[in-house]
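Report on the structure
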Amino acid sequence: MQNNVRQENELIDIFCSLAEIPSPSKKEEKVIEWIKNFAKENEIQCESDHYGNLYLKVPATDNSKKPILLSAHMDVVGDASPVELIFDGDYIKADGRTLGADDKAGVACALLLAKEIKNSDIKHGGLEILFTRDEETGMSGIENAEFNRIDSKYVLVLDADKLGQLQIAGAGYTNVKVTVRALKGGHSGIDIDDESRLNAVKLVCELINHFPQGVYYKDETGVVTSCNIGAIAGGGIQNAVKAIIDDKVNSKDYITEIVDRSSTNIINTLAKVSYSIRSSNLQKEQELKNIMINYIENFNKKYAGLAEAEIEFSVHLMPFEKSDDDFIPEVHTKASEMAGVKNSIESFHAGAETHIYANNKNKHGEKFIPFLAGTADVYNMHSAEEKVNYKTLLKGYEVLKNFFKIYNN
């Protein structure tokens, strides 16, 4: 079964060859070498940058048309141990480890398209490909990419996990820290009747009870902006934490350990809370921030002279905002229809390499307009049960090839 499928389908053979090469994040050397050899054998331009990212190019045959960039990452979740593939009906999986279809499905599709376009008579504006390192653990590959090499304005990041997906926006990530300080502490027995001695833990609970939690805004594409509390800490825990460290306690439940050891005879003066804000729309994100800031200001007026609160925002990842340019979604819809695939135009509530592209420019000073596209149905991603439906991978490539032809029509 395995040999027949690989022999009959060049795309599947390319994918399997890539998947059989372990390439954990920042240890992609072997797969980089394989891609370079593939490019050399097929006379495709291929260069690496200072960080090890690969740039492939099929030059334009019609300079009146615009180039397009395909992007995918070469690293996978997992280690450097051997990968043994298993064909199970319509599925390809690995024996007891992550398959790496994320994102070698995208890499395989881009490589085969480059080979076929190179040997075709299609009039086109050029095909550019960027294969990045270390997407899974920190996106350091794309962050170190040399965007001044790239002519294209439009980017298809081939890294979604469902056939037909075209994701047009993705949420950024902002960390939020809230601190409440009571100005006078005390002993919970001796000073409990002093109304000027407020408890910071009680105060922070009062404050955050007003903050939004969960979905703040969504539209027809999905969740746009959300807010989530991550942790709350305060009160008489400092001595408890120190005791746990000093005693070298090894526990599966440090929260219970801390609470059990915490002091309860203190009128607490300090409490801190962490939040995350995810949003693919900066305007909606700012609306949410303003709500939180407003509650902080009201809190400080109410407890002036007794307690004070502050809030700090730090951007971890800028959002990938929806573009007003609908050209790529229109082309993708036509390409999918030609392949008999129902596409899905949507947003997603997480980070990807699209976010880095969306906030950078090409060699001509144009802002990139990226999209996250799916080339196959990938299941149980990042787990030992990960598998890909190879028939959907074939369909995904058909969509991609149709897309390139329509784009250059």
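A brief report on the enclosed structure follows. (Residues numbered from 1 in each chain as written. Predicted model: local features only at pLDDT ≥ 70, side-chain atom pairs only at ≥ 80, totals over all residues. Heavy atoms only, no water.)

Observations concerning the overall build of the protein chain
Helix and strand counts for the protein chain stand at twelve helices and 19 strands. Among the 409 residues that make up the protein chain, the fraction classed as buried is 49%. Partitioning the intrachain contacts of the protein chain with sequence separation of at least 6 by distance along the chain shows that 79% fall at a separation of at least 24. Counting every atom, the protein chain has about 19300 Å² of accessible surface; 47% of that belongs to carbon and sulfur. (Helix = DSSP H or I, 4+ residues; strand = E, 2+ residues; numbered from the N terminus. Buried < 20%, exposed > 50% of the residue type's maximum accessible area, 1.4 Å probe, protein only. Contact = heavy atoms within 4.5 Å. Areas by Shrake-Rupley, 256 points an atom, 1.4 Å probe, with all protein chains shown as cover.)

Notes on the environment of I237
The topology assignment puts I237 in the loop between β12 (222-234) and α7 (238-246). In the structure, I237 is positioned 22 residues away from V259 in sequence and 7.3 Å away in space, judged by C-alpha atoms. If we skip the residues at most four places from it in the chain, I237 touches I258 and S262.

Considerations on the packing of aromatic side chains
This structure, assessed with the given rule, holds 14 aromatic pairs. Between the aromatic rings of F320 and F348, the centroid separation amounts to 6.2 Å while the plane-to-plane angle is 55 degrees, which identifies the pairing as tilted. With a gap of 28 residues between them, F320 in the loop between β15 (307-317) and α10 (327-338) and F348 in strand β16 (residues 344-348) connect regions that are remote in the sequence. When sorted by exposure, F320 lands in the same class as F348, which is buried. Pairing Y357 with F368 gives two aromatic rings, centres 5.5 Å apart and planes at 80 degrees, and the pair type is edge-to-face. Taken as a pair, Y357 in helix α11 (residues 353-358) and F368 in the loop between α11 and β17 (369-374) lie far apart in primary sequence, eleven residues in all. Take Y357 and F368: they sit in the same class, and that class is buried. Taken together, Y154, F327, F403 and Y407 form an aromatic cluster joined through their ring pairs. The aromatic ring of Y379 is capped on one face by K162, whose charged end is 5.4 Å from the ring centroid. (Phe/Tyr/Trp six-rings, centres within 6.5 Å; stacked < 30°, edge-to-face > 60°. Lys NZ or Arg CZ within 6 Å of the ring centre and 35° of its normal.)

Details of the sheet that holds strand β5 (residues 91-94)
Strand order in the open sheet formed by four strands is β4-β5-β19-β18, with antiparallel pairing between adjacent strands. Edge positions in the sheet fall to β4 (85-88) and β18 (378-379), since each has one partner strand and no second. Sheet topology note: the β4/β5 ladder contains four bridges and is antiparallel. When the bridges of β5 are listed, I86 appears paired with K93. Taken strand by strand, helix α2 (residues 10-19) contacts β4, β5 and β19 (387-389), and its axis lies near 140 degrees from that of β4. Packing against the sheet, helix α12 (residues 390-407) makes contact with β5 and β19, and its axis sits at approximately 60 degrees to β19. (Pairing = 2+ DSSP bridges. Axes fitted to C-alpha atoms, helices over the stretch in contact; angles between N-to-C directions.)

Digging into the pairing of strand β6 (residues 127-132)
With six of six residues buried, β6 lies mostly within the body of the structure. In β6, alternate side chains face the same way, and those of L127, I129 and F131 on one face and E128, L130 and T132 on the other are all buried. One ladder, built from five bridges, connects strand β2 (residues 54-58) with β6; its direction is antiparallel. In the strand pairing of β6, Y55 is matched with L130. In this structure, strand β3 (residues 68-73) lies alongside β6, joined through six bridges in parallel fashion.

Examining the nonpolar core
In terms of nonpolar packing, the biggest core is built from 69 residues, with F15, I92, F131 and L156 touching the most fellow members. Per-element accounting of this core gives the leading share, eleven residues, to helix α4 (residues 101-118). Among all residues touching I92, those that are not within four sequence positions of it are I12, F15, C16, L85, I86, F87, L99, E386, K387, V388 and Y390. Listed in part, the 23 residues of the second largest apolar core include V178, V204, V273 and F299. (Core = buried A, V, L, I, M, F, W, Y, C linked by side-chain atoms within 4.5 Å.)

Remarks on the pattern of salt bridges
Two side chains carrying opposite charge are able to pair once their charged atoms lie near each other. Evaluation of the coordinates by the stated rule reveals 25 salt bridges. Across the pair K242 and D246 runs a salt bridge whose closest N-O atoms are separated by 2.8 Å. Of this pair, K242 and D246 both sit in helix α7, four residues apart, roughly one helical turn. Across the salt bridge formed by E257 and R261, the nearest N and O atoms sit 3.3 Å from each other. Taken together, the residues span about one helical turn, with E257 and R261 both in helix α8 (residues 254-261) at a distance of four residues. (Salt bridge = Lys/Arg side-chain N within 4 Å of Asp/Glu carboxyl O.)

Some words on a nonpolar patch on the surface
Nonpolar side chains collect at one region of the surface, where L282, V315 and M318 lie side by side and expose about 240 Å² of accessible area between them. Within the secondary structure layout, L282 lies in helix α9 (residues 282-302). Its relative accessible area of 36% is what places L282 among the partly exposed residues. (Patch = residues over 30% accessible without salt bridge, like charges linked within 9 Å, V, L, I, M, F, W, Y side chains within 5 Å.)

Considerations on the environment of I311
Tracing the backbone shows I311 in strand β15. Put simply, I311 and I192 are 119 residues apart on the chain and 28 Å apart in space, counted from C-alpha to C-alpha. Those residues in contact with I311 that lie beyond four places of it in its chain are V176, K177, V178, M292, I293 and I296.

Some thoughts on unusual backbone geometry
Here D102 and D103 are connected by a cis peptide whose omega angle stands at 15 degrees. Its place among the elements puts D103 in helix α4. With a phi angle near 50 degrees, D134 is a residue other than glycine that sits in the positive phi range. Looking at the secondary structure, you find D134 in the loop between β6 and α5 (140-143). In this structure, H382 is a non-glycine residue whose phi angle is positive, near 70 degrees. Among the secondary structure elements, H382 is positioned in the loop between β18 and β19. For H382, a relative accessible area of 36% puts it in the partly exposed group.

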